[in-house]
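Single-letter residue listing:
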Amino acid sequence: MSPPVAPPGWSRWLVPPAALSVHLSIGQAYAWSVFKPPLESALGLSGTQSALPFQLGIVMLGLSAAFGGTLVERNGPRWAMTVALICFSSGFLLSALGAATEQYWLIVLGYGFVGGIGLGVGYISPVSTLIKWFPDRPGMATGIAIMGFGGGALIASPWSAQMLESFGSDSSGIALAFLVHGLSYAVFMLLGVLLVRVPRSEKPVESAPSAFDGPQVSARNAVRTPQFWCLWIVLCMNVTAGIGILEKAAPMITDFFKETSTPVSVSAAAGFVALLSAANMAGRIGWSSTSDLIGRKNIYRVYLGVGAVMYGLIALFGDSSKPLFILCALVILSFYGGGFATIPAYLKDLFGAYQVGAIHGRLLTAWSTAGVLGPLIVNWIADRQEDAGKSGADLYGLSFMIMIGLLAVGFVANELVRPVSARHHIPAPREAADVTARQQSESA
């Protein structure tokens, strides 16, 4: 499938909606916590076990993005969006079969492995294209699209909760909810497949700079630089801190206020997940657009430094004030989303637009790592504390302290980022194909 080139007069503002149709769909992953309690009850799972499909999905997201990034650059966004559609929808259908037959391994395989591949390929599918369409505002452009991934749960969370209420929260009800998800998202993602286009030239807007102005670094050379690995640590630490709350959001707020005079109901917990999704979504467009004004390093100082303060406030005072708990969680999730939306522009600043999609894909292995670390830290410690007879906010105090330490590590890594050495630059964008061909010949 050849990349579809925009005809003369095509508006670049049609590309973000195409990206949004895919990202809003795969962003359902952030509503997984709504399915955790029903799965635990219907199939007799622990909190750690019910997190496994989500964890594997994030692992596969990073791995498929890393290994598929070059294919996305080569085949274009329409090919990538088609692959994402097939894998993501098929993952739900397999999960529906697993829930109907009470075979949990099928849910792990479907949602986690197959669906996770759809997550990874779909996530990176529009990034390089958007940067090339909007070289004057890369942070805003990627923020618009990646906003959809953060906002997916804003739709999926109440929608999933309503389906479970209507269909039932037993295994057959869960299966039917998975089936409806798979079919509905297939139709919605098809809109993006049909709409997306790539620009006809390096300067889609005459008054804007070329996306290829400045130093350009190939994906092969980028992974050999300390800048790449500093950003890998930055992303991993920021994602671990955010995903630790997000994956267990519904049961976490219930636990925090279970023994108070104002306990949180199941529907209110689902609403809290939707609020987190809104903050996640708003942070992706708001903070990434701000990075166009104040710079990428400065905005990550905010994400990591202020994020650590928010975690400290929740750990110390969260169970005594519901507004404080919600406010701090919303800020953390806005930073979490902002970090995802800003990282492609940070990569473009350091490595140029040439193969930025492939570089971005390789960097998302940090997300795979964080997808295991965040839920594992929060769920494992909560399970152990519960076994020790603790309850409420005491289930999470230790894990929150660990998150503060991880954010501090990310802050230091961000401070170490410097411009990429000239020895890693390719000669010029027009010679990029020759450089790539020569590198492939050398490695053959």
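Residues numbered from 1 in each chain as written. Predicted model: local features only at pLDDT ≥ 70, side-chain atom pairs only at ≥ 80, totals over all residues. Heavy atoms only, no water.

1. A word on the overall build of the chain
Looking only at helices and strands, one finds 19 helices and zero strands in the chain. For the chain, whose C-alpha radius of gyration is 21 Å, the value lies close to the compact-globule estimate of 22 Å for 444 residues. Its C-alpha atoms give the chain principal-axis dimensions of about 65 × 45 × 40 Å. Relative to its 444 residues, the chain shows a buried fraction of 59%. For the chain, contacts bridging at least 24 residues in sequence account for 85% of all contacts bridging at least 6. Only carbon and sulfur atoms are counted for the fraction: they give 66% of the accessible area of the chain, which is about 16,200 Å². Put simply, the chain has 26 plus and 23 minus side-chain charges, and the middle of one group is 11 Å from the middle of the other. (Helix = DSSP H or I, 4+ residues; strand = E, 2+ residues; numbered from the N terminus. Rg over C-alpha atoms; globule rule 2.2 N^0.38 Å. Buried < 20%, exposed > 50% of the residue type's maximum accessible area, 1.4 Å probe, protein only. Contact = heavy atoms within 4.5 Å. Areas by Shrake-Rupley, 256 points an atom, 1.4 Å probe, with all protein chains shown as cover. Lys, Arg positive; Asp, Glu negative; His and termini not counted. Charge placed at Lys NZ, Arg CZ, Asp CG, Glu CD.)

2. Re the side chain of Asn 379
Residue placement: Asn 379 occurs in helix 17 (residues 365-387). On the basis of relative accessibility, which here comes to 1%, the residue Asn 379 falls in the buried class. Leave out the neighbours within four places in its chain, and Asn 379 touches Lys 36, Gly 47, Thr 48, Ala 51, Glu 247 and Lys 248.

3. Regarding unusual backbone geometry
Even without a glycine there, the phi angle at Glu 102 is positive, about 55°. Structurally, the position occupied by Glu 102 is in the loop between helix 5 (77-100) and helix 6 (104-124). The class of Glu 102 is partly exposed, set by a relative accessible area of 48%. One non-glycine residue, Gln 355, adopts positive backbone phi at about 60°. In this fold, Gln 355 is placed in the loop between helix 15 (322-351) and helix 16 (356-363). Assessed through its relative accessible area of 17%, Gln 355 is described here as buried.

4. Quick notes on the packing of helix 11 (residues 226-246) against helix 15
Across the interface, helix 11 lies against helix 15 with an axial gap of 9 Å and an inter-helix angle of 165°. Compared by their axis directions, helix 11 and helix 15 come out roughly antiparallel. Helix-helix and strand crossings are classified by hand; for helix 11 and helix 15 the assignment is left-handed. Facing helix 11, whose interface residues are Gln 227, Phe 228, Leu 231, Leu 235, Asn 238, Val 239, Ala 241, Gly 242, Ile 243, Ile 245 and Leu 246, helix 15 presents Ile 332, Leu 333, Phe 335, Tyr 336, Gly 339, Phe 340, Ile 343, Tyr 346, Leu 347, Leu 350 and Phe 351. Here the contact of helix 11 with helix 15 is built from residues that sort into 18 nonpolar, four polar and no charged. (Axes fitted to C-alpha atoms, helices over the stretch in contact; angles between N-to-C directions. Parallel < 35°, antiparallel > 145°, perpendicular 65-115°, else oblique. Left-handed = near helix turned anticlockwise from the far one by under 90°. Nonpolar A, V, L, I, M, F, W, Y, C, P; charged D, E, K, R; others polar.)

5. As for helix 4 (residues 52-75)
Under the 1.5 Å per step criterion, the end-to-end length of helix 4 is 32 Å for 24 residues, consistent within 8% with the ideal 34 Å. A maximum bend of about 50° is found in helix 4 at Gly 68. Positive backbone phi, at 95°, marks Gly 76, one or two positions downstream of helix 4. (Expected span 1.5 Å × (residues − 1). Bend = angle between axes of the 7 residues up to and from the residue.)

6. Focus: a nonpolar patch on the surface
Side chains of Leu 93, Phe 167, Leu 176, Leu 179 and Leu 183 sit close together on the surface and give an oily, nonpolar patch of about 390 Å² of accessible area. Here the nonpolar patch takes three residues from helix 9 (residues 171-195), the largest share from any one element. Relative to the helices and strands, Leu 183 is located in helix 9. For Leu 183, a relative accessible area of 51% translates into the label exposed. (Patch = residues over 30% accessible without salt bridge, like charges linked within 9 Å, V, L, I, M, F, W, Y side chains within 5 Å. Salt bridge = Lys/Arg side-chain N within 4 Å of Asp/Glu carboxyl O.)

7. Side note on the environment of Asn 298
Mapped onto the secondary structure, Asn 298 falls in helix 14 (residues 296-317). Between the alpha carbons of Asn 298 and Glu 415 there is a distance of 9.4 Å; along the sequence they are 117 residues apart. A polar side-chain atom of Asn 298 sits 2.6 Å from a polar atom in the side chain of Arg 301. (Polar contact = N/O pair within 3.5 Å; in protein donor to acceptor, adjacent residues only side chain to side chain.)

8. Description of helix 13 (residues 266-294)
In this model, helix 13 (29 residues) spans 41 Å end to end at C-alpha, consistent with the 42 Å of a helix rising 1.5 Å per residue. Following helix 13 by one or two positions, Gly 295 adopts a phi angle in the positive range, close to 100°.

9. Here we look at the packing of aromatic side chains
Aromatic ring pairs: the centre-centre distance and the angle between the two ring planes describe each pair. Following the criterion strictly, the structure yields 30 aromatic pairs and no others. Ring geometry for Trp 159 versus Tyr 185: centroids 5.8 Å apart, planes at 90°, classification edge-to-face. One end of the pair, Trp 159, is in helix 8 (residues 138-167); the other, Tyr 185, is in helix 9, with 26 residues separating them in the sequence. Judged by relative accessible area, Trp 159 falls into the partly exposed class, the value being 28%. According to the relative accessible area criterion, Tyr 185 is buried, its value standing at 6%. Pairing Tyr 300 with Tyr 346 gives two aromatic rings, centres 5.5 Å apart and planes at 35°, and the pair type is tilted. (Phe/Tyr/Trp six-rings, centres within 6.5 Å; stacked < 30°, edge-to-face > 60°.)

10. Observations regarding the environment of Arg 220
With respect to the helices and strands, Arg 220 occurs in helix 10 (residues 219-222). Through-space distance from the C-alpha of Arg 220 to that of Ala 358 is 9.2 Å; in sequence the pair is 138 residues apart.

11. Let's talk about the confidence of the model for the chain
Mean pLDDT over the chain stands at 85; residues scoring 70 or higher make up 92%. Averaged pLDDT values for the elements of the chain fall to 43 in helix 19 (residues 432-443) and rise to 94 in helix 5. Across residues 430-444 the pLDDT falls below 50, and counting only partners more than four positions away or on other chains, this stretch makes 11 contacts in the model. (pLDDT = per-residue confidence, 0-100.)

12. Some points on the pattern of salt bridges
Within the structure shown, the criterion is met by six salt bridges. As a salt-bridge pair, Lys 36 and Glu 40 come within 3.8 Å of each other at their nearest N and O atoms. One end of the pair is Lys 36 and the other is Glu 40, both in helix 2 (residues 36-43) and four residues apart, which spans about a single turn. The class for Lys 36 is buried, based on a relative accessible area of 0%. Here the salt bridges do not stand alone but share partners, grouping Asp 292, Arg 296 and Asp 349 into one network.

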